[in-house]
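The lines below spell out each chain.
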There are 2 protein chains.
Amino acid sequence: MRIGELATRTGVSVRSLRYYEEQGLLSSTRAASGQRHYTDHEVERVAFIQRLYAAGLSSRTIAEVLPCAESPSEENSDAALERMTQERDRLSAHIDDLVRTRDALDGLVAANRAHRATLVAASGQ
Amino acid sequence: MRIGELATRTGVSVRSLRYYEEQGLLSSTRAASGQRHYTDHEVERVAFIQRLYAAGLSSRTIAEVLPCAESPSEENSDAALERMTQERDRLSAHIDDLVRTRDALDGLVAANRAHRATLVAASGQ
DNA sequence: TTTGCCTCTGACATCCATGTGAGGTTTTAG
DNA sequence: CTAAAACCTCACATGGATGTCAGAGGCAAA
């Protein structure tokens, strides 16, 4: 498929797909005319890239980790594996932090609802 | 305390503290000379602002939600409460997404370790 | 008082993923 | 064949939080 289709199928802009390639996150075969062609496989790959971006990895870090994801067979140096583990731990810590923040928000929402209920009761008197 | 102390106590740069004030997230009393003064209370407040930033809220959204956090008593319009609930849900969805990503990373790490083990066994032969 | 550190405002710089537009070629549909 | 739509590269713009610098004033210890 060409880049436009990949874009619609992944929900990622054409601009971003080109950027991913520029950053070494995504590869394409080129037609004689210069147009990029992709296989279905790339759809998954783009989805995973998006997940990693959402997890707060920079394109640089993603580039470091992705080869490891594609083929566990290659010479994915210890460094890549270690980097992946490290990012995994960072992500885990971040998740914990977010959960605490969510709890805090829940507390605030509850407090406000409670206060609201009080007001209603008072006005009902 | 003055801004420098608040900065060291919260781990947030002086620049950012001024920025928070500019965005209406933080207030200070000013000395006659113009210098900002804060109470211990602001330490907590800055910490909470940081949590919200980390949770992906923009300063605009934080400004919308914070008054609600300070006093559940005020006229924290329905809008603010609704906004808070909405951000809470967004955050929750984001957490779920991150957890899935973490699981994916765990899978990759495991696969690579397994492959490595295979290599070691083979070389051991 | 002088010295050194802190603070003030204002403005410009940075990072990074993405948007946008120009100017040109390729593909596809009518 | 032609027009529309998709694609190419290059390059500049954007946004948001923060860094950084300049020039000026504030404050405390020696």
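Residues numbered from 1 in each chain as written. Chains lettered and ligands numbered in written order. Predicted model: local features only at pLDDT ≥ 70, side-chain atom pairs only at ≥ 80, totals over all residues. Heavy atoms only, no water.

(A) Spatial organisation of the environment of B:Thr10. All names here are of chain B. Mapped onto the elements, threonine 10 comes out in helix H1 (residues 3–10). Along the sequence, threonine 10 and alanine 110 sit 100 residues apart, while their C-alpha atoms lie 38 Å from each other. In this view, threonine 10 contacts Val43 and Val46; residues no more than four positions away in its chain are not counted. (Helix = DSSP H or I, 4+ residues; strand = E, 2+ residues; numbered from the N terminus. Contact = heavy atoms within 4.5 Å.)

(B) Broad picture of the side chain of B:Glu21. With respect to the helices and strands, the residue B:Glu21 is situated in helix H2 (residues 14–22). Among the polar contacts listed, one links the side chain of B:Glu21 to the side chain of B:Ser28, at a separation of 3.0 Å. (Polar contact = N/O pair within 3.5 Å; in protein donor to acceptor, adjacent residues only side chain to side chain.)

(C) Representation of the relation of the copies chain A and chain B in the model. After a rotation of 180° and a shift along the axis of 0.0 Å, chain A superposes on chain B with an RMSD of 0.1 Å. Both copies are brought into coincidence by an operation consistent with a two-fold rotation axis. Every residue of chain A has its C-alpha some distance from the rotation axis, and the shortest such distance is that of A:Ile95, at 3.1 Å. (Least-squares fit on C-alpha atoms with pLDDT ≥ 70 in both.)

(D) Quick look at the domain arrangement of chain A. Residues and elements named next belong to chain A. Taken domain by domain, chain A consists of domain 1 (1–76) and domain 2 (78–125). The interface of domain 1 with domain 2 comprises eight residues on the first partner and eight residues on the second. Counting each side, the surface lost to burial between domain 1 and domain 2 is near 720 Å², with a carbon and sulfur contribution of 65%. Along the contact surface separating domain 1 from domain 2 lie one salt bridge. Across the pair glutamate 64 and arginine 83 runs a salt bridge whose closest N-O atoms are separated by 3.0 Å. Scanning the region where domain 1 abuts domain 2 turns up three residue pairs in polar contact (both at pLDDT 80 or more). Tallied by class, residues from the side of domain 1 that touches domain 2 come to four nonpolar, three polar and one charged. (Domains from an automatic or database assignment. Buried area = accessible area lost by both parts, 1.4 Å probe. Salt bridge = Lys/Arg side-chain N within 4 Å of Asp/Glu carboxyl O. Nonpolar A, V, L, I, M, F, W, Y, C, P; charged D, E, K, R; others polar.)

(E) Seen up close, the protein's contact with DNA strand C. DNA strand C sits among 20 residues. The nearest are A:Ser13, A:Tyr19, B:Gly4, B:Arg18 and B:Arg36. Take the atoms of DNA strand C that sit within 4 Å of the protein: sugar and phosphate atoms are 75% of them. Between a sugar or linking oxygen of DNA strand C and a side-chain N or O atom of A:Ser16, the distance comes to 3.2 Å. Among the secondary structure elements, those contributing two or more residues to the surface near DNA strand C are helix H2 (14–22) of chain A together with H1 and H2 of chain B. No other element matches H2(A), which puts four residues into the surface near DNA strand C. (Near = heavy atom within 4 Å.)

(F) Representation of the packing of helix H1 (residues 3–10) of chain A against helix H3 (residues 41–54) of chain A. Residue and element names in this part refer to chain A. Following both chains from N to C, one finds H1 and H3 inclined at 50°, their axes separated by 10 Å at the closest point. On the basis of their axis angle, the class for H1 and H3 is oblique. The handedness of the crossing between H1 and H3 comes out as right-handed. The segment H1 lies against H3, with Leu6, Arg9 and Thr10 engaging Glu42, Val43 and Val46. Here the contact of H1 with H3 is composed, by residue class, of three nonpolar, one polar and two charged. (Axes fitted to C-alpha atoms, helices over the stretch in contact; angles between N-to-C directions. Parallel < 35°, antiparallel > 145°, perpendicular 65-115°, else oblique. Left-handed = near helix turned anticlockwise from the far one by under 90°.)

(G) Examining the protein's contact with DNA strand D more closely. Neighbouring residues of DNA strand D: 18 residues in total, closest A:Gly4, A:Arg18, A:Arg36, B:Ser13 and B:Tyr19. A share of 73% of the atoms of DNA strand D within 4 Å of the protein falls on sugar and phosphate groups. In the model, a sugar or linking oxygen of DNA strand D is placed 3.5 Å from a nitrogen or oxygen of the A:Gln35 side chain. Put simply, the parts of the chain that give the surface near DNA strand D at least two residues each are H1 and H2 of chain A together with H2 of chain B. The greatest single-element share of the surface near DNA strand D, amounting to four residues, is contributed by H2(B).

(H) Local environment of the interface of chain A and chain B. Counting from both sides, the interface comprises 36 residues of chain A and, opposite them, 36 residues of chain B. Across the chain A to chain B interface the summed buried area is about 3500 Å²; carbon plus sulfur atoms make up 64%. At the boundary of chain A with chain B, the tally comes to four salt bridges. With a closest N to O distance of 2.5 Å, B:Arg88 and A:Asp106 form a salt bridge. In this structure, the connection of chain A to chain B is made through eight residue pairs in polar contact (both at pLDDT 80 or more). Secondary structure elements with two or more residues in the side of chain A that touches chain B: H3, helix H4 (59–70) and helix H5 (78–124) of chain A. Take the side of chain A that touches chain B: its biggest share by element is 25 residues, from H5(A). Here the residues of the side of chain A that touches chain B are counted per class, giving 18 nonpolar, nine polar and nine charged.

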